[in-house]
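# Descriptive analysis of the structure
Here is how the chains run, residue by residue.
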Amino acid sequence: MALTIRPYQENDADVIADLYNRHRDNPNPVAGGISGAELARELAERETATFLVAEDDERLVGTFGLFHHTGRRSARAGELIADMFFVHPAHRGGLVTGRLFTEAVEWMMRTGCLVLRLTVNPANTVAFRLYRRVGCVSVGRAVPGEDGNVELHNYIPLVIRSVFADLGERATAALGSLTSFASVTDARDDELRSDVRMVAGVRTVDYILVLGDFRIDASVDVDRGAVREARLTEPGGTVRELRITRPPYEVRAPRGVAPYRFTESGLTCEVDGEDGTLSVHAAGHPGPVLVSTWPSCRADRPAGWREGEPRDLTLEPVERGVRVTERDGDATVTGTFTLDGSGLLQEFTRTGTATGRIFQTVGLRQGVFTGTDGQDHPIGLGQGVRDASEIVAASRPVPEGGELTWRGRGVRVSLSADGPLRLVHSTLLERGLEPGADGVARMRTTIRPGVPDTARSLEVHAAAGGVTVWREGTTKVLRSPYPRTRSHGYNPHWSAGLWVTHENSRHDRAAGLGWGVPAAAAWEQKHPLGLHAPDSGLGWEIAADGDGIRVDTRASGTDRETVVWLTPQTPLRTAVVLDSDGERWELNSGDFRQVWARRAAVRLSDGRWLHCAPAAGPHDELVLRATPSGLLVGGVSAARESAWRFSVHDTPLSF
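## Observations concerning helix H2 (residues 36–45)
Along H2, the positions that sit buried rather than exposed are Gly 36, Glu 38, Leu 39, Glu 42 and Leu 43. Taken around the axis of H2, the buried residues stretch over an arc of 160 degrees, which confines them to a single face. For H2, the exposed residues lying more than 90 degrees away from the buried face are Ala 37 and Ala 44. Where H2 is buried, its residues contact helix H1 (13–21), strand S2 (48–56), strand S3 (59–67) and strand S4 (79–87). Glu 47 occupies a position one or two residues after H2 and carries a positive phi of about 50 degrees.

Here it is in structure tokens:
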């Protein structure tokens, strides 16, 4: 085996693309594969620092890239992001993997980039353990994100560069014999947890490096990207503090600038004062409907759609908006953002060599996406357009003048390609700033917020003994056969969709809790949203409570329990999320007969969730029963007075 590690050359692109396309476990998959031209363009657009290839007898068998940004994220000063690390399956476990990694890190140390960032799928245990073995640590999110990866940092180059001048001849000689980081740093376990330790309010990670008979103990400030302190233990056991050399760069720290907000015609725009990210919110829609990153002054520092670095920005109000300016030497970018009756207008002017690249994310997770071909698709990854988030250069160009539309609950977002535009996936766009004749690049996004889906309809009928209609906007919450009477489970007299009964105690040894069969006594409607039964002394009322309703019950002295029953508008089999004694469970109603819970969320027929919870009593519980007629939910209380809260949301319970 004649193994060679060398820099990428232009004629490698087709070979590398073929290597990736032949192996589904490559780290940057794109449905349908990529072309050599797309790979070459990707390396150019990432402002590649270095891209190494491994050859075995002149056959390309591996790659390792170091980048200033990847589309998702942008590296801070002194950092590089490792990606496209791939080794042919026949060469894994041998020299190729270690040689690629070690030579990449040595290149970093020679060029003054001292912190390595990378992402890895923790389910790929071979790769994850390798990274941990060579000193990669977790400083932020220690569990997989949406893309399935965790992010790791390696500070060994920073540690070595920071103490090198004070090591002494013998320790320096031991360092010169280094062949692999795996033999230097103390092994770390492969648990998914953060390696950060708080010291005097500073987030730090600790390193132990062994250089022959010498040992370096170092502490790194991960937010400032600098070594805080280090000491050297010599072969005889002597320990001395090492003098720290500052890195040849300065990491920009956040300045604590508050976001700038302005509102117009049901839309609210928020501009992050640290990194310039713009978010647009529409009334009645959870989360932003559009997020747009800031185009950097520097070509190698565009903000990623997942992360942008702090910048020196000035923000000044303008009519119906804000003007944002970034300066870096002679280069400037100025963005003016305004809202009018039809949506958002972004106008950019710039000087310098930066090409101007931004990412925009449409914040609708459910609804309809309509592409330039006029075809409708459900919003989702791989729907309507392939997901090219791993290789942005493989994204689909949108023809000049082409129209894109997203429609969701209560909001519609649309835009035309009035400049360079590519669809990375169905809700992620890459846009270039192409100036017009006046030197201004303009982008308009039409955002039409609908009427907030909060209109509530409640109907109570004494003849039915309860609530027969409950709608939240267009969401039908309850099932009810009223004015007819049908059976539901073991209840032969089901008429209302929400009603209240007295039942045997849930602890009753002989019978247990009943099924909500209403008493024969008549109900009186003394309150528009409440009923009272004079014969039994049982009564209840409904009142608005925040974004939901509250049902208050009152019962005369009795040893029976009061139950608020509901028949939610669900499919026969539906998703249920429970808080069962503090534990969260996700179930399907087709898989159980009965469960008890402190809180519960039930998925309704239109995809929204009905949240159910006691409002007061510590011993009040919910019972959920799956029947051939559908789901039956009961709120059970032994108290003379009880209260229950019900509300409709787009998401299930949070813990």
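## Brief notes about the sheet that holds S2
Pairing in this open sheet of seven strands is mixed, and the strands run S1-S2-S3-S4-S5-S7-S6 from one edge to the other. If you trace the sheet from one side to the other, it starts and ends with strand S1 (3–7) and strand S6 (136–137), each paired once. Sheet contacts for helix H3 (residues 95–111): S1, S2, S3, S4, strand S5 (115–120), S6 and strand S7 (150–154); angle to S3, the most-contacted strand, approximately 35 degrees.

## Looking at the sheet that holds strand S16 (residues 290–292)
Strand order in the open sheet made by the eight strands is S13-S14-S15-S16-S21-S28-S27-S24, with antiparallel pairing throughout. Two strands close off the open sheet at either side, each with one partner strand: strand S13 (260–264) and strand S24 (396–397). As paired strands, strand S15 (residues 278–282) and S16 are joined by three bridges and run antiparallel to one another. Note that in S16 the partner of Leu 278 across the bridge is Ser 292.

## Observations concerning the nonpolar core
Counting 40 residues, the largest nonpolar core has Val 280, Phe 337, Leu 404 and Trp 406 as its most contacted members. At four residues, strand S19 (residues 331–340) tops the list of elements feeding residues into this core. In terms of nonpolar packing, the next biggest core, distinct from the first, is built from 35 residues, Trp 470, Leu 566, Val 576 and Val 595 among them.

## Considerations on the layout of surface pockets
Approximately 1,100 Å³ is the volume attributed to the largest pocket. In terms of lining, the largest pocket is formed by 49 residues, of which the most central are Phe 85, Val 120, Asn 124, Ala 127 and Tyr 131. Elements that contribute at least two residues to the lining of the largest pocket include exactly S4, H3, S5 and helix H4 (125–133). Looking at the lining of the largest pocket residue by residue, the class counts come to 19 nonpolar, 16 polar and 14 charged. Here the second largest pocket is characterised by a volume of approximately 930 Å³. In terms of lining residues, the second largest pocket is bounded by 37 residues, among which Glu 146, Trp 305, Arg 306, Thr 361 and His 425 are the most central. Sorting elements by how many residues they give to the lining of the second largest pocket places strand S21 (residues 357–362) first, with three residues.

## Remarks on the environment of Leu 39
Of note, Leu 39 is situated in helix H2. A relative accessible area of 0% means that Leu 39 is categorised as buried. Along the sequence, Leu 39 and Ala 394 sit 355 residues apart, while their C-alpha atoms lie 7.9 Å from each other. The residues contacting Leu 39, other than those within four sequence positions of it, are Ala 13, Ile 16, Tyr 20 and Ile 34.

## Regarding the pattern of salt bridges
Counted according to the given criterion, the structure contains 46 salt bridges. Residue Glu 45 pairs with Arg 422 through a salt bridge whose shortest N-O separation is 3.1 Å. Linking Glu 45 in helix H2 with Arg 422 in strand S27 (residues 421–425), this pair joins segments that are 377 residues apart in sequence. Overall, the relative accessible area of 12% leaves Arg 422 in the buried class. Between Asp 147 and Arg 72 there is a salt bridge, with its nearest N and O atoms 3.3 Å apart. Here Asp 147, found in the loop between S6 and S7, pairs with Arg 72, found in the loop between S3 and S4; they are 75 residues apart in sequence, far enough to count as distant. Using a relative accessible area of 31% as the deciding quantity, one classes Asp 147 as partly exposed. In the salt-bridge network here, residues are joined through shared partners; they are Arg 76, Glu 79, Arg 117, Glu 151 and Glu 307.

## So, the packing of aromatic side chains
For the structure on display, the rule yields 15 aromatic pairs. Measuring from ring centre to ring centre gives 5.8 Å for Tyr 8 and Phe 51, while their planes differ by 85 degrees; the resulting arrangement is edge-to-face. Note that Tyr 8 is positioned in the loop between S1 and H1 and Phe 51 in strand S2, a separation of 43 residues in sequence. The class for Phe 51 is buried, based on a relative accessible area of 4%. Of the aromatic side chains, those joined through ring pairs into one cluster are Phe 64, Phe 85, Phe 101 and Tyr 131. A cation sits over an aromatic face here: Arg 46 above Phe 67, 4.8 Å from the ring centre. Taking NZ or CZ as reference, Arg 625 lies 4.2 Å from the ring centre of Trp 515, over its face.

## Some points on the confidence of the model for the chain
Mean pLDDT over the chain stands at 89; residues scoring 70 or higher make up 97%. Ranking the elements of the chain by mean pLDDT puts strand S36 (residues 524–527) last with 82 and S16 first with 97.

## Quick look at the side chain of Thr 570
Counting through the fold element by element, Thr 570 comes out in the loop between strand S40 (561–566) and strand S41 (575–580). Owing to a relative accessible area of 8%, Thr 570 belongs among the buried residues under this scheme.

## Considerations on the pairing of strand S34 (residues 491–494)
Side-chain direction in a regular strand flips from residue to residue, so the side chains alternate between the two faces of the sheet. The pairing of strand S33 (residues 486–488) with S34 spans two bridges and is antiparallel. Bridging from a neighbouring strand, Arg 486 pairs with Trp 494 of S34. From the end of S33 to the start of S34, which pair antiparallel, there are two residues, and Gly 489 there has a positive phi angle of about 65 degrees.

## A short note on empty space enclosed by the protein
As enumerated under the stated definition, the model contains one cavity of 30 Å³ or more in all. As a volume, the largest cavity reaches approximately 40 Å³. Together, Phe 128, Arg 132, Ser 138, Arg 141, Ala 142, Val 150, Glu 151, Leu 152, Glu 191, Leu 192 and Arg 193 line the largest cavity. Elements represented by at least two residues in the lining of the largest cavity include exactly H4 and S7. For the lining of the largest cavity, the per-class residue count stands at five nonpolar, one polar and five charged.

## Regarding unusual backbone geometry
Backbone phi values are negative for most residues with the exception of glycine, while trans is the configuration of most peptide bonds. Tyr 482 connects to Pro 483 through a cis peptide bond whose omega is 15 degrees. Residue position: Pro 483 is located in the loop between strand S32 (475–476) and S33. Phi at Glu 58 is positive, roughly 70 degrees, even though this residue is not glycine. Counting through the fold element by element, Glu 58 comes out in the loop between S2 and S3. According to the relative accessible area criterion, Glu 58 is exposed, its value standing at 73%.

Conventions and cut-offs
Residues numbered from 1 in each chain as written. Predicted model: local features only at pLDDT ≥ 70, side-chain atom pairs only at ≥ 80, totals over all residues. Heavy atoms only, no water. Buried < 20%, exposed > 50% of the residue type's maximum accessible area, 1.4 Å probe, protein only. Helix = DSSP H or I, 4+ residues; strand = E, 2+ residues; numbered from the N terminus. Arc of directions from axis to C-beta. Contact = heavy atoms within 4.5 Å. Pairing = 2+ DSSP bridges. Axes fitted to C-alpha atoms, helices over the stretch in contact; angles between N-to-C directions. Core = buried A, V, L, I, M, F, W, Y, C linked by side-chain atoms within 4.5 Å. 1 Å grid on protein atoms, 1.4 Å probe; cavity = no way out; pocket = protein on both sides within 12 Å on 5 of 7 lines; lining within 4 Å. Points joined across faces, edges and corners; volume = space filled by probe spheres on them. Nonpolar A, V, L, I, M, F, W, Y, C, P; charged D, E, K, R; others polar. Salt bridge = Lys/Arg side-chain N within 4 Å of Asp/Glu carboxyl O. Phe/Tyr/Trp six-rings, centres within 6.5 Å; stacked < 30°, edge-to-face > 60°. Lys NZ or Arg CZ within 6 Å of the ring centre and 35° of its normal. pLDDT = per-residue confidence, 0-100.

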